[in-house]
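Each chain, letter by letter, is given below.
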Amino acid sequence: MALEQRLSLKMSQRLVMTPGLQQAIRLLQLSKLELAEEISQEMVENPVLEEHDEIDARSEAASDAGLTQEGSEVEEGQSNETESDSWDEVEVDLLFRDAFESGGTAPNMHEQRELPSLENTAAVQEDLQDHLIWQLSMQFHDTKSVHVGKVIIWNLDDDGYLEATDEELLQALEELAAEDAGWAASGPYTQSDIERVRRRISRFDPVGVAARTLEECLLIQLEHLGLADSLAADLIREHLPLLRVHKMKEIADKLGCDEEQARELAEIVRGLNPKPGASCGAQRRMHVVPDVIVAKVDGEYVVMLNDDGLPRLKLSRVYKHLYEQYKAAGRGENPEGHDKKTKNYVRDKFRSAVWFMKSLEQRQNTIFRVAESIVKHQQGFLDSGVQALKPLVLRDVAEDVEMHESTVSRVVTNKYMHTPQGLFEMKFFFHSGLAGGDGSVSSVAVKEKIKQLIEGESPKKPLSDAAIVKMLKAQDVKIARRTVAKYRDELGIPASTLRKRT
């Protein structure tokens, strides 16, 4: 079969992402802090954009009204123009008019509102590595020990345990020495150096970090409490598996004490921290600023956007006057002194600025509509807490606000809502449901019920998963035993045999 080239016409439909749509989607999925950075960056790159100043708002309003009237006159007289290099003034004026008249983007619909207290936002938590390296610099004054200590700290997991072996640590030190003359000068490094520095770090705050096993971590904490030679230390060294299953009688027999003393020793061990690194935070976290605030006003829940910290934008008056001059030049009133490149630059920057401002406004309106829908569906939670949380999926909100599910997903990602029940990520309100007496109940509400049932159980006769199923059934919640076991594991609650205390 011979190959040949042909020209043919074909009609097809495609969905093309315009730059404006791409920008709107990108802004929608940004968090509040990321959005503030994006606005600041856009103001740097586009000289047409300026931060709106409330003090000058009234004086600008009068001149903006005059500009709007002039823009209307231009639209009426522009229809007969046939110049190929026109300003497309009908389109431009229609876009600019709203921006000139509004005085700024994203007007605050609720100026008078009570913001959540600082205690209700997440606090900054120091990084575990930074915390330990700071102590390292205080405890050691020789460069060699500091270098060894840094490599040890860099290899701790989120719970504070040292995962790397001595051989792996030595290899890391050798690689760093090969790359950096300062590290090479403090060498050579040995396993004894690693063990010496590791034991010192394990006594840092929090006590027990850099341990290799749970037993070592707990024994270091006992040593810090002055109980290194106590029966509690013997319990950790030899009988920790018995403690996990609460075999108090066997522990008492092996330690040569009575059951009451064995329980006291067990309480000492349970008071230790098996994950010392977790208390300091594995990653640095910043203040969580809510994007939406929900408050109860006159018996009804009101949704308010939190615009604090976001610059309000306006179009530069300097470039606005330059725009007017170029419009006059385009009509032939001032044909000289205005080059085409400068004219196109001002026009493109104006259009870019307006697109950005419109995208911001659309973002805020979309978040507001989705938040209103969530509040409408979850009023029971706002009144009574987690137990009244209803099942909710993205499709429910998407149909309510007439948007696509993917848009709703972008809205609730990295967005936070402050409610009378506390601060929650907007994703929190979306959960699957289980069959219940009133039709369905949220899986989060079921987990809360399971947690409360276990908290109220007798330590000597803990509730089995089958017993929990029966108790939930009495509350009109239909659930399988394996689902109870799954939810219990997700809550970090051990099985009934491990919760039993004799």
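Placed above this text is the structure.
Residues numbered from 1 in each chain as written. Predicted model: local features only at pLDDT ≥ 70, side-chain atom pairs only at ≥ 80, totals over all residues. Heavy atoms only, no water.

*Asks:* How do you make sense of the overall build of the chain when you look at a structure like this?
*Replies:* Within the chain, the secondary structure is distributed over 23 helices and eight strands. Burial analysis of the chain (502 residues in total) assigns 41% to the buried set. Long-range pairs, those at least 24 residues apart, make up 69% of the contacts in the chain between residues at least 6 apart in sequence. A total accessible area of about 28500 Å² is found for the chain, and carbon and sulfur atoms account for 50% of it. (Helix = DSSP H or I, 4+ residues; strand = E, 2+ residues; numbered from the N terminus. Buried < 20%, exposed > 50% of the residue type's maximum accessible area, 1.4 Å probe, protein only. Contact = heavy atoms within 4.5 Å. Areas by Shrake-Rupley, 256 points an atom, 1.4 Å probe, with all protein chains shown as cover.)

*Asks:* I tried to follow the packing of helix 5 (residues 128–139) against helix 6 (residues 143–154) on my own but got confused; where do I start?
*Replies:* What describes two packed helices is the angle between their axes and the distance between those same axes. Helix 6 packs onto helix 5 with a crossing angle of 165 degrees between their chain directions and a minimal axis gap of 10 Å. By the angle class used here, helix 5 and helix 6 are roughly antiparallel. As for the relative orientation of helix 5 and helix 6, their crossing is right-handed in sense. Residues Gln129, Leu132, Ile133 and Leu136 of helix 5 touch helix 6, and the partners they reach there are Ser145, Val146, Gly149, Lys150, Ile153 and Trp154. (Axes fitted to C-alpha atoms, helices over the stretch in contact; angles between N-to-C directions. Parallel < 35°, antiparallel > 145°, perpendicular 65-115°, else oblique. Left-handed = near helix turned anticlockwise from the far one by under 90°.)

*Asks:* Sorry if this is basic, but what is going on with the nonpolar core here?
*Replies:* It is characteristic of soluble globular proteins that their nonpolar side chains tend to be buried jointly. Ranked by size, the top nonpolar core spans 29 residues in total, and within it Val292, Val294, Val370, Ile374, Val397, Met417 and Met426 carry the most contacts. The set of elements that each furnish at least two residues to this core consists of strand 2 (292–297), strand 3 (300–305), helix 16 (340–377), helix 17 (379–384), helix 18 (394–401) and helix 19 (405–412). Per element, the largest residue contribution to this core is six residues, and it comes from helix 16. Counting 24 residues, the second largest nonpolar core, distinct from the first, contains Ile152, Leu170, Trp183 and Tyr189. (Core = buried A, V, L, I, M, F, W, Y, C linked by side-chain atoms within 4.5 Å.)

*Asks:* Please clarify how the layout of surface pockets should be interpreted in this entry.
*Replies:* The gaps left among the atoms become clear once a water-sized probe is rolled over them. A volume near 580 Å³ is recorded for the largest pocket. In terms of lining, the largest pocket is formed by 17 residues, of which the most central are Leu243, Arg244, His246, Arg270 and Leu498. The set of elements that each furnish at least two residues to the lining of the largest pocket consists of helix 10 (214–224), helix 12 (240–244), helix 14 (259–270) and helix 23 (496–499). The element that contributes the greatest number of residues to the lining of the largest pocket is helix 12, accounting for three residues. Of the residues in the lining of the largest pocket, the class split is ten nonpolar, two polar and five charged. (1 Å grid on protein atoms, 1.4 Å probe; cavity = no way out; pocket = protein on both sides within 12 Å on 5 of 7 lines; lining within 4 Å. Points joined across faces, edges and corners; volume = space filled by probe spheres on them. Nonpolar A, V, L, I, M, F, W, Y, C, P; charged D, E, K, R; others polar.)

*Asks:* Would you mind going over the sheet that holds strand 5 (residues 416–419) with me for this structure?
*Replies:* Hydrogen bonds between backbone atoms are what pair the strands of a sheet, whose relative direction is either parallel or antiparallel. Here four strands make up an open sheet; going across it, the order is 3-2-5-6 and the pairing mixed. In this open sheet, the two edge strands, each paired with only one partner strand, are strand 3 and strand 6 (422–425). Pairwise comparison of adjacent strand axes, ignoring direction, gives a mean angle of 25 degrees for this sheet. The sheet strands contacting helix 16 are strand 2, strand 3 and strand 5, and the helix crosses strand 3 at an angle near 160 degrees. (Pairing = 2+ DSSP bridges.)

*Asks:* Can you help me understand the packing of aromatic side chains in this one?
*Replies:* Each aromatic ring pair is described using two quantities: the centre-to-centre distance and the angle formed by the ring planes. Scanning the entire structure with this criterion turns up seven aromatic pairs. Measuring from centroid to centroid gives 5.8 Å for phenylalanine 381 and phenylalanine 428, while their planes differ by 55 degrees, and the two rings are tilted. Of the two residues, phenylalanine 381 is situated in helix 17 and phenylalanine 428 in the loop between strand 6 and strand 7 (433–434); the sequence distance between them amounts to 47 residues. Seen from their ring centres, phenylalanine 381 and phenylalanine 429 are 5.5 Å apart, and the 80 degrees between their planes marks the pair as edge-to-face. Here phenylalanine 429 lies in the loop between strand 6 and strand 7 and phenylalanine 381 lies in helix 17, a separation of 48 residues in the sequence. Per residue, the accessibility class of phenylalanine 381 equals that of phenylalanine 429, and both read buried. Sitting over the face of the ring of phenylalanine 140, arginine 200 holds its NZ or CZ atom 4.7 Å from the ring centroid. (Phe/Tyr/Trp six-rings, centres within 6.5 Å; stacked < 30°, edge-to-face > 60°. Lys NZ or Arg CZ within 6 Å of the ring centre and 35° of its normal.)

*Asks:* Is there a simple way to think about the pairing of strand 6 in this case?
*Replies:* Every regular strand shows the same layout, with side chains that alternate between the two sheet faces. Relative to strand 6, strand 5 runs antiparallel, the two sharing four bridges. In the sheet register, histidine 418 faces strand 6, and the bridge partner there is leucine 423. Between the end of strand 5 and the start of strand 6, which pair antiparallel, lie two residues.

*Asks:* What's the story with the environment of threonine 419 in this structure? I'm lost.
*Replies:* Among the structural elements, threonine 419 can be located in strand 5. On the basis of relative accessibility, which here comes to 2%, the residue threonine 419 falls in the buried class. With near-sequence residues (within four places) excluded, threonine 419 lies in contact with Val294, Phe381, Leu382, Phe424 and Phe429.

*Asks:* Looking at this model, I keep getting lost on helix 6. Mind explaining?
*Replies:* With twelve residues, helix 6 ought to run about 16 Å at 1.5 Å a step, and its terminal C-alpha atoms sit 17 Å apart, in line with that. Turning to helix 6, its buried residues are Ser145, Val146, His147, Val148, Gly149, Val151, Ile152 and Ile153. Considering only its buried residues, helix 6 is in contact with helix 5, helix 7 (166–179), helix 8 (181–185) and helix 9 (191–201). (Expected span 1.5 Å × (residues − 1).)

*Asks:* When you look at the pattern of salt bridges in this model, what are you seeing that I'm missing?
*Replies:* This model, assessed by the stated rule, comprises 18 salt bridges. Here arginine 488 and aspartate 465 are joined by a salt bridge, their closest N and O atoms 3.0 Å apart. Residue arginine 488 is found in helix 22 (residues 481–490), and its partner aspartate 465 is found in helix 21 (residues 465–474); the two are separated by 23 residues along the sequence. A residue is classified by how much of its surface remains accessible, and arginine 488, at 6% relative accessible area, is buried. Linked through salt bridges whose partners overlap, the residues forming this network are Lys144, Asp193 and Arg196. (Salt bridge = Lys/Arg side-chain N within 4 Å of Asp/Glu carboxyl O.)

*Asks:* Any chance you could explain a negative patch on the surface here in plain terms?
*Replies:* Together, Glu174, Glu175, Glu179 and Asp180 make up a region of like negative charge exposed at the surface. Within the secondary structure, glutamate 175 sits in helix 7. Judged by its relative accessible area of 45%, glutamate 175 falls in the partly exposed class. (Patch = residues over 30% accessible without salt bridge, like charges linked within 9 Å, V, L, I, M, F, W, Y side chains within 5 Å. Lys, Arg positive; Asp, Glu negative; His and termini not counted. Charge placed at Lys NZ, Arg CZ, Asp CG, Glu CD.)

Interpretation note: all reported values are geometric properties and have no functional meaning in isolation.
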